[in-house]
Amino acid sequence: DEHDDSTEGFVWRFKTAGEPAPGEERDFYLNDDVIITMVWIPSGSFIMGRRDNEQDSYEEEDPCHEVNINYGFWMGKYEVTYSQYSGVFGEQFDGNYPMLMTWSYVHYAFLDLVDDDFRLPSESEWEYACRAGTETRFYWGDDHDYDEIDEYAWYDRNSDRQYQDVGQKRPNAWGLYDMIG
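Note that the structure is predicted; figures quoted are calculated from it, not measured.

Undergrad: Can you lay out the overall build of the protein chain for me, pointing to particular residues and giving the numbers?
TA: A count of helical and extended segments in the protein chain gives four helices and seven strands. Ordered by position from the N terminus, the helices and strands of the protein chain form the series β-β-β-β-β-β-β-α-α-α-α. If one aligns the C-alpha atoms of the protein chain with their principal axes, the spans along those axes are about 60 × 45 × 30 Å. The long-range fraction of contacts in the protein chain, counting pairs at least 24 apart against all pairs at least 6 apart in sequence, stands at 53%. Each charge class in the protein chain was averaged separately, 13 positive and 41 negative side chains, and the resulting centres sit 4 Å apart.

Laid out in structure tokens, this is it:
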């Protein structure tokens, strides 16, 4: 049935498979040799854009509006790392820090070399995944005085202006790391 239940008989057994649980992880192959861990992001709705009087917000974030994500999707648990990138391009470089790439480079070069099932999230999908069901300024709360940000994000004041390995900070509620910083 549609409730992800198991059914068993004398000589048979089956389990119906529904949508994965929010935050469920699975490994996928970018190519024959390179694995990426993805997290399931469920369908749903959220308010996109800045709220009235939101601290440190910008006019270009207006208007505040509801966005519906009609279908769940898989999203990388971490940014693409230097090791994953070099593995896709057949190079022999190591590094668990994020590979910096422009949107157009990812879209026109990187994705051409990986399995056809991969794509970039839309802006609204990315924000929905980042917020992970929260309605606060950050996915960990409003943090007006930036007291908690060091637990969740690398930025100029806590990174020594150096790239940092992915996954060292706390994830959001759906298990995505490094979504802010």
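Undergrad: Describe in detail the confidence of the model for the protein chain, supporting the description with residues and values.
TA: On average, residues of the protein chain score 88 in pLDDT, and 91% of them are at 70 or above. Within the protein chain, strand E2 (residues 13-15) has the poorest average pLDDT of any element, 54, and helix H4 (residues 149-152) the best, 97.

Undergrad: So, the packing of aromatic side chains: which residues are in play, and what are the values?
TA: The geometry of an aromatic ring pair is captured by the separation of the ring centres together with the interplanar angle, meaning the angle of the planes. Applying the stated criterion to the full structure yields 19 aromatic pairs. Between Tyr 85 and Tyr 105, the aromatic rings sit 6.4 Å apart at their centres with planes inclined by 40°, giving tilted as the arrangement. Here Tyr 85 is found in helix H1 (residues 82-88), whereas its partner Tyr 105 is found in helix H2 (residues 103-110), with 20 residues between them in sequence. Of note, Lys 169 hangs over the ring of Trp 154, and the distance from its end group to the ring centre comes to 4.0 Å.

Undergrad: I'd like a description of the pairing of strand E3 (residues 25-29), backed by residues and values.
TA: In terms of strand pairing, E3 meets strand E4 (residues 35-41) through five bridges, oriented antiparallel. Residue pairing across strands places Tyr 29 opposite Ile 35, the latter belonging to E4. In sequence, E3 turns back onto E4 through a hairpin of five residues.

Undergrad: So what's going on with a negative patch on the surface? Which residues, and what values?
TA: A surface patch of like charges, here negative, comprises Asp 145, Asp 147, Glu 148, Asp 150 and Glu 151. With respect to the secondary-structure elements, Glu 151 resides in helix H4.

Undergrad: How would you sum up the sheet that holds E3? Please name residues and give values.
TA: One open sheet accounts for three strands, arranged E3-E4-E7; its pairing is antiparallel. Edge positions in the sheet fall to E3 and strand E7 (73-76), since each has one partner strand and no second. Each adjacent strand pair in this sheet contributes to an overall mean axis angle of 45°, direction not counted. Contacts from helix H3 (residues 123-131) reach E4 and E7 within the one sheet, and its direction differs from that of E7 by about 75°.

Undergrad: Describe the layout of surface pockets, with residues and values.
TA: Of the voids in this model, the largest pocket is the one considered here, and its volume is about 1500 Å³. Around the largest pocket, the lining comprises 47 residues; the ones closest to its centre are Met 75, Tyr 78, Glu 79, Val 80 and Trp 126. Broken down by element, the residue count for the lining of the largest pocket peaks at four residues, all from E7. If one sorts the elements of the lining of the second largest pocket by residue count, H3 sits on top with five residues.

Undergrad: Can you tell me about the pattern of salt bridges, naming the residues and giving the values?
TA: Under the definition given, this model contains seven salt bridges. Residues Asp 62 and Arg 50 are paired through a salt bridge, measuring 2.8 Å at the closest nitrogen-oxygen approach. Placement of the pair is Asp 62 in the loop between strand E5 (44-48) and strand E6 (65-69) and Arg 50 in the loop between E5 and E6, with a sequence separation of 12 residues. Judged by relative accessible area, which is 37%, Asp 62 ranks as partly exposed. The shortest N-O distance in the salt bridge between Glu 127 and Arg 131 comes to 3.0 Å. With Glu 127 and Arg 131 both in helix H3 and four residues apart, the pair spans about one turn of that helix. Each member of the pair Glu 127 and Arg 131 is classed as buried.

Reading the values: the criteria
Residues numbered from 1 in each chain as written. Predicted model: local features only at pLDDT ≥ 70, side-chain atom pairs only at ≥ 80, totals over all residues. Heavy atoms only, no water. Helix = DSSP H or I, 4+ residues; strand = E, 2+ residues; numbered from the N terminus. Contact = heavy atoms within 4.5 Å. Lys, Arg positive; Asp, Glu negative; His and termini not counted. Charge placed at Lys NZ, Arg CZ, Asp CG, Glu CD. pLDDT = per-residue confidence, 0-100. Phe/Tyr/Trp six-rings, centres within 6.5 Å; stacked < 30°, edge-to-face > 60°. Lys NZ or Arg CZ within 6 Å of the ring centre and 35° of its normal. Pairing = 2+ DSSP bridges. Patch = residues over 30% accessible without salt bridge, like charges linked within 9 Å, V, L, I, M, F, W, Y side chains within 5 Å. Areas by Shrake-Rupley, 256 points an atom, 1.4 Å probe, with all protein chains shown as cover. Salt bridge = Lys/Arg side-chain N within 4 Å of Asp/Glu carboxyl O. Axes fitted to C-alpha atoms, helices over the stretch in contact; angles between N-to-C directions. 1 Å grid on protein atoms, 1.4 Å probe; cavity = no way out; pocket = protein on both sides within 12 Å on 5 of 7 lines; lining within 4 Å. Points joined across faces, edges and corners; volume = space filled by probe spheres on them. Buried < 20%, exposed > 50% of the residue type's maximum accessible area, 1.4 Å probe, protein only.

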